[in-house]
Number of protein chains: 2
Amino acid sequence: MKSNSAIYKVFIATSLDGYIADINGCIGFLDIFPAPEGDDMGYNDFIDRVDAILMGRKSFETVLSFGIPWPYTKHVFVWSNTISDIPEELNSKVTFVKGNINEVIDHVHQLSFYNLYIDGGKTIQSFIQENLIDEMTITTVPVLLGEGISLFANSNGLKKFKCVANKIYPNGMVQNRFIRI
Amino acid sequence: MKSNSAIYKVFIATSLDGYIADINGCIGFLDIFPAPEGDDMGYNDFIDRVDAILMGRKSFETVLSFGIPWPYTKHVFVWSNTISDIPEELNSKVTFVKGNINEVIDHVHQLSFYNLYIDGGKTIQSFIQENLIDEMTITTVPVLLGEGISLFANSNGLKKFKCVANKIYPNGMVQNRFIRI
């Protein structure tokens, strides 16, 4: 269960029609607008404000598939009910957690992580369905894909937020930050 | 066919999950956040910048159902292949147009209207599918409905825009303006 002191945040990019990936699960549309030079669009500031990252198996495998050095400076929890083998070099950086959402949250909290970056489509959707997301920073890549994997699929009833910050980038992208009310 | 001097614009509110109406076609979610007092959120400025309005039958019937004085200061074209009876008091204010999208556009242009406010879900979608929308002002009501009628359903392939303006309102809503690139 969510502790009173826990905060769950999303930081994600979507297309203008709300997709986080195309119909094949690919995120190539993110590169249509090259990132503004020398500007991480608030990512490092955001990471500084969380204690750990909770992501799903698919996101974890996607990051591994990039073949880049491990990119996260905060501890990563991977929510998976099917895999549990951590690559040896990530032993101190990654923890697998399993079970339902409350079991996963309890596990993470027991290890004293409360301020979490919630990442990955299914993981975010699970948290939204339970109305557990406190803050969402959504960077809109202003393209219509026409089809794909929706960030807000099956969000399960009315949830209210409030826009508290926004910024247009020189490349035409726009970032809006919402907090739950 | 679109004339080179024609401009087609959208000015619409959606939920955070991209719906323009709930699953029953109702727009009650627009009232969750009362409009900021004394601020029309750019509507009149927008209307000043168009020559006429083109909307679908459903939007027209919805406006009539409000039982309020006719609210439009610009000529309204109603795209319908099924109805053509104009209420007498609207004879000089409304024109019915029918046919496919090119026939509708030709009809409107022949009457010397080129700078159009495109309104109504299906009408907007038809224009987006043909990549004919030049500008979209999207006011986000920051609620998740979970299901409904999507603004961008079936947008039919990649379309690129660029965010050129945005504004947060005191009530927590946010408005982003996109132009086609």
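See the structure above.
Residues numbered from 1 in each chain as written. Chains lettered and ligands numbered in written order. Predicted model: local features only at pLDDT ≥ 70, side-chain atom pairs only at ≥ 80, totals over all residues.

1. Comments concerning the pairing of strand 6 (residues 115-119) of chain B
Residue and element names in this part refer to chain B. The buried fraction of strand 6 amounts to four of the five residues, a majority that puts the element mostly inside the structure. As defined by bridge partners, strand 1 (residues 7-15) adjoins strand 6 across three bridges and the pair is classed as parallel. Bridge pairing in strand 6 places Tyr8 opposite Leu116. (Buried ≥ 20, exposed ≤ 12 C-beta atoms within 10 Å, placed from the backbone. Helix = DSSP H or I, 4+ residues; strand = E, 2+ residues; numbered from the N terminus. Pairing = 2+ DSSP bridges.)

2. Structural notes on the sheet that holds strand 10 (residues 159-168) of chain B
Within the open sheet, the nine strands sit side by side as 8(A)-10(B)-11(B)-7(B)-1(B)-6(B)-3(B)-4(B)-5(B). Their pairing is mixed. Each end of this open sheet is capped by a strand with a single partner; those strands are strand 8 (143-144) of chain A together with strand 5 (94-97) of chain B. Pairing of strand 4 (residues 75-79) of chain B with strand 5 of chain B, which is carried by four bridges, proceeds in the parallel orientation. Bridging from a neighbouring strand, B:Val76 pairs with B:Val94 of strand 5 of chain B. Packed on one face of the sheet, helix 2 (residues 57-65) of chain B meets strand 3 (52-56), strand 4 and strand 6 of chain B and runs near 100° to strand 3 of chain B. The strands touched by helix 4 (residues 121-129) of chain B within the sheet are strand 8 of chain A together with strand 1, strand 3, strand 4, strand 6 and strand 10 of chain B, with strand 6 of chain B carrying the most contacts at an inclination of about 120°. (Contact = placed C-beta atoms within 7 Å. Axes fitted to C-alpha atoms, helices over the stretch in contact; angles between N-to-C directions.)

3. A closer look at the interface of chain B and chain A
Contacts between chain B and chain A engage 29 residues on the former and 29 residues on the latter. Those elements that provide at least two residues to the side of chain B that touches chain A are strand 8 (143-144), strand 10 and strand 11 (174-180) of chain B. The element best represented in the side of chain B that touches chain A is strand 10 of chain B, accounting for seven residues. The class makeup of the residues in the side of chain B that touches chain A is 16 nonpolar, nine polar and four charged. Two elements, strand 8 of chain A and strand 10 of chain B, share two bridges in a ladder whose sense is antiparallel. Bridged to A:Leu144 within strand 10 of chain B is B:Lys159. (Nonpolar A, V, L, I, M, F, W, Y, C, P; charged D, E, K, R; others polar.)

4. Notes on the relation of the copies chain B and chain A
With an RMSD of 0.0 Å, the operation that places chain B on chain A is a rotation of 180° combined with a shift of 0.0 Å along the axis. Given the turn and translation reported, the copies of this chain are related as if by a two-fold rotation axis. Looking at the interface residues of chain B, 100% of them are also at the interface in chain A, so both copies use one shared face. (Least-squares fit on C-alpha atoms with pLDDT ≥ 70 in both.)

5. Topic: unusual backbone geometry
Residue and element names in this part refer to chain B. Of note, the phi angle at Ser112 is positive, near 75°, even though the residue is not glycine. Counting through the fold element by element, Ser112 comes out in the loop between helix 3 (101-110) and strand 6. Its identity as a non-glycine residue notwithstanding, Asn156 has a phi of 65°, on the positive side. Mapped onto the fold, Asn156 is located in the loop between strand 9 (149-150) and strand 10. On the basis of neighbour count, Asn156 is assigned to the partly exposed category, with 15 C-beta atoms found within 10 Å.

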